[in-house]
2 protein chains.
Amino acid sequence: MSLNPTRTIAELKELRALTSDENGAQRVAWTDTWLKAREWFASKSSDLPVEQHYDSAGNNWVTLPGASERALLIGGHLDSVPNGGWLDGALNVLAGLEVLRRFASEFHGRPPVTIRLVDWADEEGARFGRSLLGSSAFAGTHSIATDRGRADRDGVKMEDALRRCGVEMDRFPEAERERKNAGAYLELHIEQGPVLESLGLPLGVVLGTKGVERHNITFHGQEAHSGSTPMNARRDALAAAAKLALEIRAIAGKHADAVCTMGSLKTFPGIVTAVVGRCEATLDQRDLNAGVLAQMYREAQEASRRFAAEEKCTVEWSRLWNIEPVPFHPALLDLCEQAVRETSGSTHRMPSGPLHDAAEVSRAGIPTAMMFVQSLNGISHNKIEDTRQEHLEMSVTALDKLASKTVNWMVK
Amino acid sequence: MSLNPTRTIAELKELRALTSDENGAQRVAWTDTWLKAREWFASKSSDLPVEQHYDSAGNNWVTLPGASERALLIGGHLDSVPNGGWLDGALNVLAGLEVLRRFASEFHGRPPVTIRLVDWADEEGARFGRSLLGSSAFAGTHSIATDRGRADRDGVKMEDALRRCGVEMDRFPEAERERKNAGAYLELHIEQGPVLESLGLPLGVVLGTKGVERHNITFHGQEAHSGSTPMNARRDALAAAAKLALEIRAIAGKHADAVCTMGSLKTFPGIVTAVVGRCEATLDQRDLNAGVLAQMYREAQEASRRFAAEEKCTVEWSRLWNIEPVPFHPALLDLCEQAVRETSGSTHRMPSGPLHDAAEVSRAGIPTAMMFVQSLNGISHNKIEDTRQEHLEMSVTALDKLASKTVNWMVK
């Protein structure tokens, strides 16, 4: 049985019909719809000569034993954000399934190395605000103590929601056992950005995932009456924040692929008749180069203090989260480039701004590569998320080529 | 019985003890605490030779008949914002009461003209978002049809809350009858701003209330992933709004007393990982000169369109509210200046940024003047609102002088 990329698309549509509503995909991890998606997926691999089990963090492992115990891992995630798209995460899993089928049908069902497909649990962190949950348990970078206290919007505790799905948080560390014999990890993903589309390219090679500095920044000024307070007597916290909102673009602009985003800004008291006394902003900075990231963080801090002083305000920072850049494996990047070029004729190397499970796997020391397929209009996490059918088919083919090349690299 | 400004301060403290809690004054109109304040006030005038009644909009009129039916009106408001100060509105009423007492004790209880003290209903609009309610009914500028649909935070309808206090909204127009024979209107108020304090002056003459243009401004860009969207591919609605937040200061800065305020800014989706797709801001612009106000409004609109274009966004405006500037009466301004100078030795003419019931009275064609007394730190609508005791006493004295001068002006 040869690779059938059309089947992948048919299966993606089947999954969409099963787990979406008029607002998009609803496969939020640890919900009934997500469990339904996993049940459906199990039915798809039931006729293959594979072993299947869930690890202690809820990751689903489908293993095709090979001549060697050394394993090639291919991963994705069936969970989605609420009102999500049909491709984010699911393409990875179903393309991986197609590659697994191809391996199972060749080599008399016994490929040179073991092939393992993994559906990571809770990549999105949509319900409890903790993304890359399953892959971080695998990588040993989990944070059980911090995460245990999390609850969803309805007050349901994370611990209880996971237990309902058969996962005990205390047992997360046991998921690290799955790293045994892992020789390489591959992941296909939609780009979720506009770069490949703007270059007219179907596929791209991902250099790594950008490091992230994520902070809350609060400017303190003085609430004052909008009618009675002369302009020169104001301590306007919004003015200081507005200067920073514009300055971060200059800070990012010095570096080719760097991004800085002020995604949220809140004003207090936030009424039409009062000068803003307090302004809370968020800042998200990303780059693949750790030095660049550190420089941007430092420059944003300096700028915020300068603007606070100019506006007779004060400023305080508090880190929400950060992660170092994760460059992928050079040899696998080359193989990925070959696979992309053979499939689509041209290639492009680019960092990934969004985080992916691949970053956690790479942090665990497993040689890792990722491939992007073009997103239409750069939109994801939305029901209008889409990719051209021919590009989806090419992505399955390219992942399959990359898997073969990686197996050859592993046995060399 | 001569004027006793110390008594005014004692009464203000008595009212504070009766109607405040640890967060400040709680005399929100149409609440039990407000009714308690009014009941207390009624007890203060019960031994005077006056007629008292509530008009159809809930304004409380205390009338000392004079030799002429021509009436001098002195006004204030006992209602406060939630967690408000002890002086805003209440100083006006209790200083007016002291002036009324003085008139009642002179002229054998029969002054040359009729003296009327009015406690306006719901100046603040704190509960239903409609300020100057009672005085607008008096002036005939009310908006019953629009206001009828209002409800408070708890869903209580404005109409029902007013009915509970004996006021039928349909009968608002009958309050216009109180304008009969009105020859002048005087109002003392705390400045609620920092100007007099910065000049070292106890008292000021109010030129009029500034006109106001109040708008919602919405910038529409494109929500996008903060990690995957290159800086040059963004349509960042916050960037456009930030430019406007800074530009309005230059727009106001061209004119001596003009102010422009962006008091609220909201980001959507407003999450740390997304470029802002939509940004809603408010703009409040004020000046005493209608031409200046119109120019500032036009310049802000033009700037917003320019910034939207620069950021590949669109912008839309919707007017929340506006009012024309209300200059006070030139002859009464001169009398006010005399009264202030005789009391405190120096004077300063200034526009009022905040609106006051005096603006509604003036719009009804009644010669009007207002006097400001210094606010400490320019703060009001807050429990720390305060004014030096000697300044409060001077303000009662100056209001009394102004009342005498105005009576003389009326009978001339």
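Residues numbered from 1 in each chain as written. Chains lettered and ligands numbered in written order. Predicted model: local features only at pLDDT ≥ 70, side-chain atom pairs only at ≥ 80, totals over all residues. Heavy atoms only, no water.

### Some thoughts on the overall build of chain A
- The helix and strand tally for chain A stands at twelve helices and 18 strands.
- Taken over the C-alpha trace, chain A has a radius of gyration of 23 Å; the compact-globule value for 412 residues is 22 Å, and the two agree within 12%.
- Looking at chain A alone, contacts between residues at least 24 apart form 78% of all its contacts between residues at least 6 apart.
- Carbon and sulfur atoms make up 47% of the accessible area of chain A, which totals about 14,900 Å². (Helix = DSSP H or I, 4+ residues; strand = E, 2+ residues; numbered from the N terminus. Rg over C-alpha atoms; globule rule 2.2 N^0.38 Å. Contact = heavy atoms within 4.5 Å. Areas by Shrake-Rupley, 256 points an atom, 1.4 Å probe, with all protein chains shown as cover.)

### Considerations on the packing of helix α10 (residues 330-344) of chain B against helix α12 (residues 389-411) of chain B
Residues and elements named next belong to chain B.
- In contact at an axis separation of 8 Å, α10 and α12 are set at 140 degrees when each is read in the N-to-C sense. With respect to their mutual orientation, α10 and α12 come out oblique. Handedness of the crossing formed by α10 with α12: right-handed. Counting all contacts with α10, which are made through Ala331, Leu332, Leu335, Cys336, Gln338, Ala339, Glu342, Thr343 and Ser344, the residues of α12 involved are Met394, Thr397, Ala398, Lys401, Leu402, Lys405, Thr406 and Trp409.
- A class-by-class count of the residues in the contact of α10 with α12 yields nine nonpolar, five polar and three charged. (Axes fitted to C-alpha atoms, helices over the stretch in contact; angles between N-to-C directions. Parallel < 35°, antiparallel > 145°, perpendicular 65-115°, else oblique. Left-handed = near helix turned anticlockwise from the far one by under 90°. Nonpolar A, V, L, I, M, F, W, Y, C, P; charged D, E, K, R; others polar.)

### What to know about the packing of helix α2 (residues 32-45) of chain A against helix α3 (residues 90-105) of chain A
All names here are of chain A.
- One can describe the packing of α2 onto α3 by two numbers: an axis separation of 11 Å at closest approach and a directional angle of 15 degrees. What the angle tells us is that α2 and α3 run roughly parallel. Considering how the two elements wind past one another, α2 and α3 form a crossing that is right-handed. Packed against α2, whose contacting residues are Trp40, Phe41, Lys44 and Ser45, the element α3 presents Val93, Leu94, Leu97 and Arg101 at the interface.
- Considering only residue class, the contact of α2 with α3 consists of five nonpolar, one polar and two charged.

### Things to note about the pairing of strand β18 (residues 368-373) of chain A
All names here are of chain A.
- When you tally the buried positions in β18, you get six out of six residues, the bulk of the element.
- Where strand β8 (residues 203-209) meets β18, four bridges bridge the pair, whose relative direction is antiparallel. Bridging across to β18, Leu203 finds its partner in Val373. (Buried < 20%, exposed > 50% of the residue type's maximum accessible area, 1.4 Å probe, protein only. Pairing = 2+ DSSP bridges.)

### Side note on α3(A)
All names here are of chain A.
- The end-to-end C-alpha distance of α3 is 23 Å, a good match for the 22 Å that 16 residues give at a rise of 1.5 Å each.
- Among the 16 residues in α3, 15 count as buried, and that is most of the element.
- The positive-phi residue at the C-terminal boundary of α3 is Phe107, with phi of around 50 degrees. (Expected span 1.5 Å × (residues − 1).)

### Section: the pattern of salt bridges
Residue and element names in this part refer to chain A.
- Evaluated as defined, the whole model comprises 66 salt bridges over all chains.
- The salt bridge partner of Arg102 is Asp400, with a shortest N-O separation of 2.8 Å. Here Arg102, found in helix α3, pairs with Asp400, found in helix α12 (residues 389-411); they are 298 residues apart in sequence, far enough to count as distant. For the residue pair Arg102 and Asp400, the accessibility class agrees, reading buried in each case.
- Bridged by salt links that share partners, the residues Arg7, Glu11, Glu98 and Arg101 form one connected network. (Salt bridge = Lys/Arg side-chain N within 4 Å of Asp/Glu carboxyl O.)

### Details of the interface of chain B and chain A
- Facing 51 residues of chain B, the contacting portion of chain A comprises 51 residues.
- Summed over both sides, the interface of chain B with chain A buries roughly 3,700 Å², with 63% coming from carbon and sulfur.
- Applying the counting criterion to the chain B and chain A interface returns two salt bridges.
- Among the ionic pairs, B:Glu311 bridges to A:Arg249, the shortest N-O distance being 2.7 Å.
- On inspection of chain B and its partner chain A, the count reaches 14 residue pairs in polar contact (both at pLDDT 80 or more).
- Sorting the residues of the side of chain B that touches chain A by element identifies α8 (237-253), β11 (259-261), β12 (265-268), β13 (274-275) and β14 (278-287) of chain B as the ones contributing at least two each. (Buried area = accessible area lost by both parts, 1.4 Å probe. Polar contact = N/O pair within 3.5 Å; in protein donor to acceptor, adjacent residues only side chain to side chain.)

### Things to note about the relation of the copies chain B and chain A
- Once chain B is rotated about the relating axis by 179 degrees and shifted along it by 0.0 Å, it coincides with chain A to within an RMSD of 0.1 Å. The two molecules are tied by a two-fold rotation axis, judged by turn and shift. Using C-alpha coordinates, one finds that chain B approaches the rotation axis most closely at B:Ala242, a distance of 2.3 Å.
- Here 100% of the interface residues in chain B have copies in chain A that are interface residues too; the copies meet face to matching face. (Least-squares fit on C-alpha atoms with pLDDT ≥ 70 in both.)

### Quick word on the nonpolar core
- Counting 77 residues, the largest nonpolar core has B:Phe41, B:Leu72, B:Ile74, B:Leu91, B:Ile115, B:Tyr185 and B:Met371 as its most contacted members.
- Each residue touching B:Met371, except ones within four places of it in the same chain, is listed here: B:Glu187, B:Leu188, B:His189, B:Gly204, B:Val206, B:Cys336, B:Ala339, B:Val340, B:Ser395, B:Ala398, B:Leu399 and B:Leu402.
- Counting residues in each nonpolar core, the second largest holds 76 residues, with A:Leu78, A:Leu186, A:Ala359 and A:Ala398 among its members. (Core = buried A, V, L, I, M, F, W, Y, C linked by side-chain atoms within 4.5 Å.)

### Examining unusual backbone geometry
- A:Phe268 connects to A:Pro269 through a cis peptide bond whose omega is 0 degrees.
- Tracing the chain through its elements places A:Pro269 in the loop between β12 (265-268) and β13 (274-275).
- Positive phi outside glycine occurs at A:His381, with the angle close to 55 degrees.
- Assignment of secondary structure puts A:His381 in the loop between β18 and α12.
- Among the residues examined, A:His381 registers a relative accessible area of 31% and is labelled partly exposed.
- Phi is positive for B:His108, close to 50 degrees, though the residue is something other than glycine.
- Position of B:His108 relative to the elements: it lies in the loop between α3 (90-105) and β6 (113-119).

### Re the domain arrangement of chain A
All names here are of chain A.
- The domain architecture assigned to chain A consists of domain 1 (5-209 + 325-411) and domain 2 (211-323).
- Between domain 1 and domain 2, the residue contacts involve ten residues of the former and nine residues of the latter.
- For the pair domain 1 and domain 2, the two sides together bury roughly 780 Å², of which 77% comes from carbon and sulfur.
- The largest per-residue losses of area from domain 1 upon contact with domain 2 belong to Pro325, Pro351 and Leu355, which jointly make up 62% of the total buried on that side. (Domains from an automatic or database assignment.)

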